[in-house]
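# Tertiary structure, described
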Amino acid sequence: MSQDLPRMSTQVLRIPETELGKFRDGNDQEKLGSWEVSQTKSPSIRILNEAAQHLKTKNTPVAFPTETVYGLGADATRSEAVKGIYTAKKRPSDNPLIIHISDLEMLRSILTPENPENASNGTTNTNHDLIPEIYKTLIERFWPGPLTLLLPNPVPSKLAPEVTAGLKTFGVRMPNSPLALSLIKLVGAPLAAPSANASTKPSPTTAEHVLEDLDGRIEFILDGGPCFVGVESTVVDGLCDPPLILRPGGVSIDELRSCPGWEKVQKGYKDQSETGKSVPRAPGMKYKHYSPKATVILYEASFAVSYNGIQAQDVETFIKGRQSQQISRNGSDGLQIGIIRTRHWKPAAGLRCGDFKSETVKTQNGQENHFTIELDVQEAELYDSTTEAPIGKLMDVSIGTDTRSIAHGLFSALRELDRRGADFIFVEGTVDDEDIGAAVMNRLRKAASQIRS
Ligand code: TXA
Ligand code: MG
């Protein structure tokens, strides 16, 4: 289905300030009960008010940062606004969307049927907390944060049907970003928001990434600097027994298991490598997601560890096999090869190459910066290890050795190598069972055209 719309002018609005509001902590108040937006008239608050006004009245979504990835937000209570997300992303509306709330007050309001008198289940006991008990410790421990909970959608519901895609549940999270919380509060309604990338591309972790994908398709991108976590939230279903993880993300399975009632949480998703599909898969034979334009070849950690050093040979054989068939994407002689390293690989993955030209690509959060995404990209001429003949260009980037750092830089590194014209990107995988390694590997397996294990 072609979803074309007239080109808009897209504005990137910087919001460097971080003191945008706080949770009210009056006597007897629940810790996350109510988010209060700062009463100052700062430029940041003025921009947030304008963006909120747009979200309340217009049907084009607004991109905003969260701690995980940038989201493409729309008022979750208005169908026309939610449909605007799919139009901007050029994505069919077959998937339910996560809604983002500012505080528990907003969550309870959604859990309350729109019109209690007519509610189909007729249970409107006001003394009963509508937030299921099973979620209480998770909320206390991980909200605001990268955890999405599945909850029963009341009938009738305040949420637009496009949000839940016909399901009886909705997914909700409270993002750990004062900017996001303030924006939601000013709208006064939850924001439905998938990642703000074009369909199939890696999720955006900076405002520049959003602009790359959605320039001309949305009106506003709120720039709050790079995202701290770098992969999407963990999605859990605590309404079934045992509870399930539906998508791995910024909260690890071990963290979940340490919570009462969640000791037996199971993996309720399957990665490509477990679905019995042929591995390695032929490029182009699958539904790709999180993918740059370049072809991604993923080395599982098992390969990296047990065959340490062998990958250089394997990569070189692969490149030579492609040399005669393909000219580079950018028309240059020889292929452009990207390497993303994590724990074990040597620089250039051990391939033979000339002197490195190094460049640090830095994205940060303006003057009140508290973290940055810093990518050290090294470029060199690539040689045939036996004949020493030049066979292309190599671009090497190391994204760290622990899974939190890897998650933080992963999507940025894929995009940066793509921007530099990589034809192939070879990625050193990490282990699933360390911290949020499962989330990193889940995204990489989806991005990859081939998996070496
Ligand atoms: O970190 C994140 O979660 C980001 C940022 C922007 O907050 N958002 C995000 O949203 O990734 P979205 O809408 O792309 O993610 C939706 C995920 C999908 O995996 C979807 O299948 C699952 O949540 N989901 C949402 N509602 C669901 C439901 N009712 N039942 C089952 N899965 C649901
Ligand atoms: Mg997404």
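Residues numbered from 1 in each chain as written. Chains lettered and ligands numbered in written order. Predicted model: local features only at pLDDT ≥ 70, side-chain atom pairs only at ≥ 80, totals over all residues. Heavy atoms only, no water.

As a further point, take the sheet that holds strand β8 (residues 169-173). Read from one edge of the open sheet, eleven strands run β1-β10-β4-β5-β9-β6-β8-β7-β11-β12-β13, paired in mixed fashion. Looking at strand neighbours, the two that pair on one side only are β1 (11-14) and β13 (266-267), the edges of this open sheet. Judged from the four bridges that link them, β1 and strand β10 (residues 220-223) form a sheet pairing that is parallel. Counted as the bridge partner of Val12 is Ile221 from β10. Packed on one face of the sheet, helix α3 (residues 104-111) meets β6 (98-100), β7 (147-152) and β8 and runs near 175° to β8. (Pairing = 2+ DSSP bridges. Helix = DSSP H or I, 4+ residues; strand = E, 2+ residues; numbered from the N terminus. Contact = heavy atoms within 4.5 Å. Axes fitted to C-alpha atoms, helices over the stretch in contact; angles between N-to-C directions.)

Let us now look at the nonpolar core. Most often, soluble globular proteins have nonpolar side chains that are buried together. The biggest cluster of nonpolar side chains holds 79 residues, and the ones touching the most others in it are Leu107, Leu138, Trp143 and Leu222. Once residues lying within four places of it in the same chain are set aside, the contact partners of Trp143 are Leu32, Ile101, Leu104, Leu107, Leu138, Leu149, Val172, Arg173 and Met174. Counting residues in hydrophobic clusters, the runner-up holds 33 residues, among them Val229, Ile406, Leu410 and Ile436. (Core = buried A, V, L, I, M, F, W, Y, C linked by side-chain atoms within 4.5 Å. Buried < 20%, exposed > 50% of the residue type's maximum accessible area, 1.4 Å probe, protein only.)

With omega at -10°, the peptide bond leading from Trp143 into Pro144 counts as cis. By the secondary structure assignment, Pro144 is in the loop between α4 (136-142) and β7. Following Asp241, the chain continues to Pro242 via a peptide bond in cis, the omega torsion being 0°. Within the element layout of this structure, Pro242 appears in the loop between β11 (234-237) and β12 (244-247). At Ala348, a position not held by glycine, the phi torsion is positive, near 60°. With respect to the helices, strands and loops of the structure, Ala348 is situated in the loop between β15 (335-341) and β16 (357-364). For Ala348, a relative accessible area of 1% puts it in the buried group.

Let's shift gears to the site of ligand 1. Neighbouring ligand 1 are 22 residues, the closest being Thr68, His100, Thr169, Ser233 and Arg247. One of the side-chain N or O atoms of Thr169 is found 3.0 Å from a nitrogen atom in ligand 1. Between ligand 1 and Ser233, the relevant distance is 2.6 Å, taken from an oxygen atom to a side-chain nitrogen or oxygen of the residue. Expressed as a share of its isolated accessible area of 680 Å², the protein-covered part of ligand 1 is 87%. Secondary-structure elements contributing two or more residues to the shell around ligand 1 are β6, β8 and β12. (Near = heavy atom within 4 Å. Polar contact = N/O pair within 3.5 Å; in protein donor to acceptor, adjacent residues only side chain to side chain. Areas by Shrake-Rupley, 256 points an atom, 1.4 Å probe, with all protein chains shown as cover.)

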